[in-house]
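# Results of the structural survey
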Amino acid sequence: AGPTVGVIRLLLALLCSAFLPFAHADEPRVSESDLLGTISISGDWKFQPGDDLTWSSPEFDDSHWADAPLPGRWPVGGYPESNQFGWYRLTLALAAYEDGQPASDFELALRTGKVMSAFEVYAGGELVGGVGKLPPLAEINYDRMTVLPIPRSAIGADGTLVLALRVWGGPLSSANVWGGGPYEGDFALGNYSDLLLTGIARQIPGLLICVLFVGFGIYHLYLYRRNRQLDTYLWFGLMAINIGVYGLMLNQWKYAADLSFVAYKKIEFGSIYLFPALVIQMLWTLLDRPITPLLRAYQFSFVAAAITVVAIPGLDINAATLGYFQMWAMPLLVMAPWLMTSQLRAGHPEARTLFVGVMIFFATCINDLLIDIARVETARLMPYGFVAIMLAMAVSLANRFTANMSRLEEEVAERTQALSAANARLAEAARIDPLTGLFNRRGFVEEAEVEIQRVFRGGKP
């Protein structure tokens, strides 16, 4: 038993020595090669509800704080006992700064995600920036991501960097609907210029899609202006522009317009609330179904909601009406599939394509409803649903246009054939005497000219 116990003790000693460096590593270690790229610092941070500026100090001991994911949305209602304030802290060991400053063209920076409803970032106890304004100024801006330079003075002599995120969850009205805290986006460290360019490049595809949608919509409005009978082009154009505007409100490029955050949110919510009304008009028109008075009233209720949320100042109306809007839109999630199913059974040519696109869109709507109502932690998919329904309706319009062109070509061919037959009958009537059925003077002259030409060609009398 003695040798066996000795072997076991030796193995345990080797295991302990192997894991000892990790057991004593109080902070994540970032190597120089990692830092020269872009390194994500999302994950578990230390978190504490409340507000105390001393919590930004590198010397503050946060070991008793709880671990919390970043990003990670706060519970509904937020933390009213702390006036909707909370702090996050993360300590990093930057190997690149242990032996001095990195390359001269390297400027350390932090890229933030989206935080509800305003925040400040501290590095080494120094305030380096933020988005929105915390109370008492209380300016909400929870949709903007930013890149903040970290000064060299914020990094300790041993390369230790302490980051602190001071978050205000917003007023109680929004906290009761959306919660608060960092809820979306990747927090990362890296070179300032690299983070800035990467953030811009990530937003370009979404911006191009929005511009494409708006341009597509304007083109269809132009076609409707040329031919007022193409009413489906009118509604499709308006819906495409509406989706393009909504998508732009989700893109960071919108801040180039330099509008207030409230104005951006008014445009976003107005486009969302207006969308069901356009869907009703587009679907029922494209499927050749009349809109009943009751359905028309239901449609105009969404138009009224869009006007109301845009006209009333402030964002409280947005938070107060969002849940009601989502519930009020539920009947449309039943009526539209029922309409398409009935038209599909009736053999309507566009019903199948529309059914696929609309069902994808409704699935994304249900996903986003679960995020807002049931607090399901997943990505929002409604923008992809907008793309699906746009493609489905574009294909349906193209099919209808092709069918109309084919039908017009058939009608033109039939009428051309009928016109040729009528011309032949008129020509025959002009050559034949109606009483005797013999050639008249015109017919005789035409036949004589044919015979004379034959004589000259053949050389025969």
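Now for a quick tour of the structure.

Scanning the protein chain for helices and strands turns up 12 helices and 13 strands. Burial statistics for the protein chain: of 461 residues in total, 40% are counted as buried. Contacts spanning at least 24 positions in sequence make up 76% of the contacts within the protein chain whose residues lie at least 6 apart. As displayed, the protein chain has an accessible area near 25000 Å², and 64% of this comes from carbon and sulfur atoms.

Its 13 residues give helix 8 (residues 316-328) an end-to-end C-alpha distance of 19 Å, which sits within 8% of 18 Å, the value for a rise of 1.5 Å per residue. In helix 8, a bend of some 35 degrees at Leu322 exceeds every other bend along the element. Of all the residues in helix 8, the buried ones are Ile317, Asn318, Ala319, Leu322, Phe325 and Gln326.

With that out of the way, let us pick up the pattern of salt bridges. According to the stated counting rule, one finds 15 salt bridges in the structure shown. As a salt-bridge pair, Asp62 and Arg89 come within 2.8 Å of each other at their nearest N and O atoms. Of this pair, Asp62 sits in the loop between strand 3 (43-49) and strand 4 (66-70) while Arg89 sits in strand 5 (residues 85-94), and the two are 27 residues apart along the sequence. The residues Asp62 and Arg89 share a single accessibility class, namely buried. As a salt-bridge pair, Glu268 and Lys265 come within 2.7 Å of each other at their nearest N and O atoms. Placement of the pair is Glu268 and Lys265 together in helix 6 (residues 261-286), with a separation of 3 residues, close to one helical turn. Each of Lys114, Asp143, Glu184, Lys254, Lys265 and Glu268 takes part in a single network of salt bridges with overlapping partners.

This paragraph deals with a negative patch on the surface. A cluster of acidic side chains, namely Glu409, Glu410, Glu411 and Glu414, defines a negative patch on the protein surface. Along the chain, Glu410 falls in helix 11 (residues 382-431).

Glancing now at the packing of aromatic side chains. For the structure on display, the rule yields 19 aromatic pairs. Ring centres of Tyr142 and Phe261 lie 4.9 Å apart, and the angle between their planes is 75 degrees; on these two criteria the pair is classed as edge-to-face. Taken together, the residues span a long stretch of sequence, with Tyr142 in the loop between strand 9 (126-131) and strand 10 (147-149) and Phe261 in helix 6 at a distance of 119 residues. Residue classification places Phe261 among the buried positions, given a relative accessible area of 8%. Pairing Trp178 with Phe269 gives two aromatic rings, centres 6.4 Å apart and planes at 70 degrees, and the pair type is edge-to-face. Of the two residues, Trp178 is situated in helix 3 (residues 172-178) and Phe269 in helix 6; the sequence distance between them amounts to 91 residues. Grouping residues by exposure puts Trp178 and Phe269 together as buried. Taking NZ or CZ as reference, Arg144 lies 4.3 Å from the ring centre of Tyr255, over its face.

Attention shifts here to helix 7 (residues 293-311). With 19 residues, helix 7 should reach 27 Å at 1.5 Å per residue; the first-to-last C-alpha distance of 26 Å fits that figure. All buried positions along helix 7 are accounted for by Leu295, Tyr298, Gln299, Phe302, Ala306 and Val309. Burial along helix 7 is one-sided: seen end-on, the buried residues are contained in an arc of 100 degrees. Exposed side chains of helix 7 directed beyond 90 degrees from the buried face belong to Pro293, Leu294, Phe300, Ile307 and Ala311. The inward-facing, buried residues of helix 7 abut helix 6, helix 8 and helix 9 (330-345).

This part covers empty space enclosed by the protein. Gaps left between atoms show up when a probe the size of a water molecule is rolled over them. Going through the model one piece at a time under the given rule, you end up with 3 cavities of 30 Å³ or more. Estimates place the volume of the largest cavity at around 60 Å³. Lining of the largest cavity is provided by Ser117, Ile140, Tyr142, Pro171, Ser173, Ser174, Trp178, Leu315, Asp316 and Ala319. Within the residue set of the lining of the largest cavity, elements represented by two or more residues are helix 3 and helix 8. No other element matches helix 3, which puts 3 residues into the lining of the largest cavity. Of the residues that constitute the lining of the largest cavity, the class distribution is 6 nonpolar, 3 polar and 1 charged. Approximately 50 Å³ is the volume found for the second largest cavity. In this structure, the second largest cavity is lined by Trp45, Leu110, Val121, Leu163, Ala164, Leu165 and Phe187. A per-element tally of the lining of the second largest cavity places strand 11 (residues 160-168) first, with 3 residues.

About the thresholds
- Residues numbered from 1 in each chain as written.
- Predicted model: local features only at pLDDT ≥ 70, side-chain atom pairs only at ≥ 80, totals over all residues.
- Heavy atoms only, no water.
- Helix = DSSP H or I, 4+ residues; strand = E, 2+ residues; numbered from the N terminus.
- Buried < 20%, exposed > 50% of the residue type's maximum accessible area, 1.4 Å probe, protein only.
- Contact = heavy atoms within 4.5 Å.
- Areas by Shrake-Rupley, 256 points an atom, 1.4 Å probe, with all protein chains shown as cover.
- Expected span 1.5 Å × (residues − 1).
- Bend = angle between axes of the 7 residues up to and from the residue.
- Salt bridge = Lys/Arg side-chain N within 4 Å of Asp/Glu carboxyl O.
- Patch = residues over 30% accessible without salt bridge, like charges linked within 9 Å, V, L, I, M, F, W, Y side chains within 5 Å.
- Lys, Arg positive; Asp, Glu negative; His and termini not counted.
- Charge placed at Lys NZ, Arg CZ, Asp CG, Glu CD.
- Phe/Tyr/Trp six-rings, centres within 6.5 Å; stacked < 30°, edge-to-face > 60°.
- Lys NZ or Arg CZ within 6 Å of the ring centre and 35° of its normal.
- Arc of directions from axis to C-beta.
- 1 Å grid on protein atoms, 1.4 Å probe; cavity = no way out; pocket = protein on both sides within 12 Å on 5 of 7 lines; lining within 4 Å.
- Points joined across faces, edges and corners; volume = space filled by probe spheres on them.
- Nonpolar A, V, L, I, M, F, W, Y, C, P; charged D, E, K, R; others polar.

The quantities given are spatial measurements derived from coordinates; they are silent on function.
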